[in-house]
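Next come the chains, spelled out residue by residue.
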Amino acid sequence: MQPWKISAGLTAALAGSAFLLGGARLEYLSLHWPRILAEHGVALALHAALALTTIAAAIYMVARTTGLADLGRRVDLAERSVRRGEGDPGLADALHQDRQGDWK
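Residues numbered from 1 in each chain as written. Predicted model: local features only at pLDDT ≥ 70, side-chain atom pairs only at ≥ 80, totals over all residues. Heavy atoms only, no water.

K.L.:
I would appreciate a short explanation of the overall build of the chain in the present structure.
P.N.:
A tally of helices and strands in the chain yields 4 helices and 0 strands. Its helices and strands in sequence order give the chain the pattern α-α-α-α, from N to C terminus. Counting every position in the chain, which comprises 104 residues, the buried fraction comes to 12%. When contacts within the chain are restricted to residue pairs at least 6 apart in sequence, those whose partners lie at least 24 apart make up 52%. Working note: accessible area of the chain is about 8,400 Å², and carbon and sulfur atoms make up 67% of it. Of the charged side chains in the chain, 11 are positive and 10 negative, and the gap between their average positions amounts to 6 Å. (Helix = DSSP H or I, 4+ residues; strand = E, 2+ residues; numbered from the N terminus. Buried < 20%, exposed > 50% of the residue type's maximum accessible area, 1.4 Å probe, protein only. Contact = heavy atoms within 4.5 Å. Areas by Shrake-Rupley, 256 points an atom, 1.4 Å probe, with all protein chains shown as cover. Lys, Arg positive; Asp, Glu negative; His and termini not counted. Charge placed at Lys NZ, Arg CZ, Asp CG, Glu CD.)

Spelled out as structure tokens, the structure:
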């Protein structure tokens, strides 16, 4: 899995959680939302977009710094080499039997 997919998913989860937790606390503003959005809607949308972008970039930076960004590529490389028959012969044999549909 690519690091940008991980950061996008984690950002969506964090934003959804914040919305669910914070939405109930803003109930007292329900009568004033049309006016708030009319006067400050563009600024609120811009700030929300920048906050989400910052969170996604921070998660991506952590993934790149810790080496998690290359993990998917390394696992894919190892899997392809095992499927070619290199490396562990028992695992290569098991993958070959799995492809043939011969399960034990």
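K.L.:
What should I look at first to understand the packing of helix 1 (residues 3–23) against helix 2 (residues 33–66) in this one?
P.N.:
The angle between the axes and the distance between the axes are what describe a pair of packed helices. Between helix 1 and helix 2, whose axes approach to 8 Å, the crossing angle comes to 135°. One way to sum up the angle between helix 1 and helix 2 is to call them oblique. The interaxial crossing formed by helix 1 with helix 2 has right-handed handedness. Residues Pro3, Trp4, Ser7, Leu10, Thr11, Leu14 and Ala15 of helix 1 form the contact with helix 2, whose own contacting residues are Leu52, Ile55, Ala56, Ile59, Tyr60 and Ala63. Among the residues making up the contact of helix 1 with helix 2, the classes are represented as 11 nonpolar, 2 polar and no charged. (Axes fitted to C-alpha atoms, helices over the stretch in contact; angles between N-to-C directions. Parallel < 35°, antiparallel > 145°, perpendicular 65-115°, else oblique. Left-handed = near helix turned anticlockwise from the far one by under 90°. Nonpolar A, V, L, I, M, F, W, Y, C, P; charged D, E, K, R; others polar.)

K.L.:
Is there a simple way to think about the pattern of salt bridges in this case?
P.N.:
Side chains that differ in charge, positive against negative, can pair when their charged atoms come close. Within the structure shown, the criterion is met by 1 salt bridge. A salt bridge links glutamate 39 to arginine 35; the shortest N-O distance between them is 2.9 Å. With glutamate 39 and arginine 35 both in helix 2 and 4 residues apart, this pair spans about one turn of that helix. (Salt bridge = Lys/Arg side-chain N within 4 Å of Asp/Glu carboxyl O.)

K.L.:
It is not clear to me how the environment of glycine 9 should be interpreted in this structure. Could you clarify?
P.N.:
Looking at the secondary structure, you find glycine 9 in helix 1. Looking at glycine 9, the relative accessible area reads 40%, which means it is partly exposed. Considering only alpha carbons, one finds glycine 9 and alanine 56, 47 residues apart in sequence, at a separation of 8.8 Å.

K.L.:
Even after reading the chapter, I still don't get the layout of surface pockets, so can you show me in this structure?
P.N.:
In this approach the atoms are scanned with a rolling probe the size of a water molecule, which exposes any empty space left behind. The space that makes up the largest pocket amounts to roughly 340 Å³. Together, 14 residues line the largest pocket, and Ala15, Ala18, Phe19, Leu26 and Ala48 are the ones closest to its centre. Of all the elements in the fold, those that place two or more residues in the lining of the largest pocket are helix 1 and helix 2. Sorting elements by how many residues they give to the lining of the largest pocket places helix 2 first, with 7 residues. (1 Å grid on protein atoms, 1.4 Å probe; cavity = no way out; pocket = protein on both sides within 12 Å on 5 of 7 lines; lining within 4 Å. Points joined across faces, edges and corners; volume = space filled by probe spheres on them.)

K.L.:
What's the story with a nonpolar patch on the surface in this structure? I'm lost.
P.N.:
Among the surface-exposed residues, Leu26, Tyr28, Trp33, Leu37 and Leu44 lie close enough to one another that they form a single nonpolar patch of about 500 Å² accessible area. With respect to the helices, strands and loops of the structure, leucine 37 is situated in helix 2. (Patch = residues over 30% accessible without salt bridge, like charges linked within 9 Å, V, L, I, M, F, W, Y side chains within 5 Å.)

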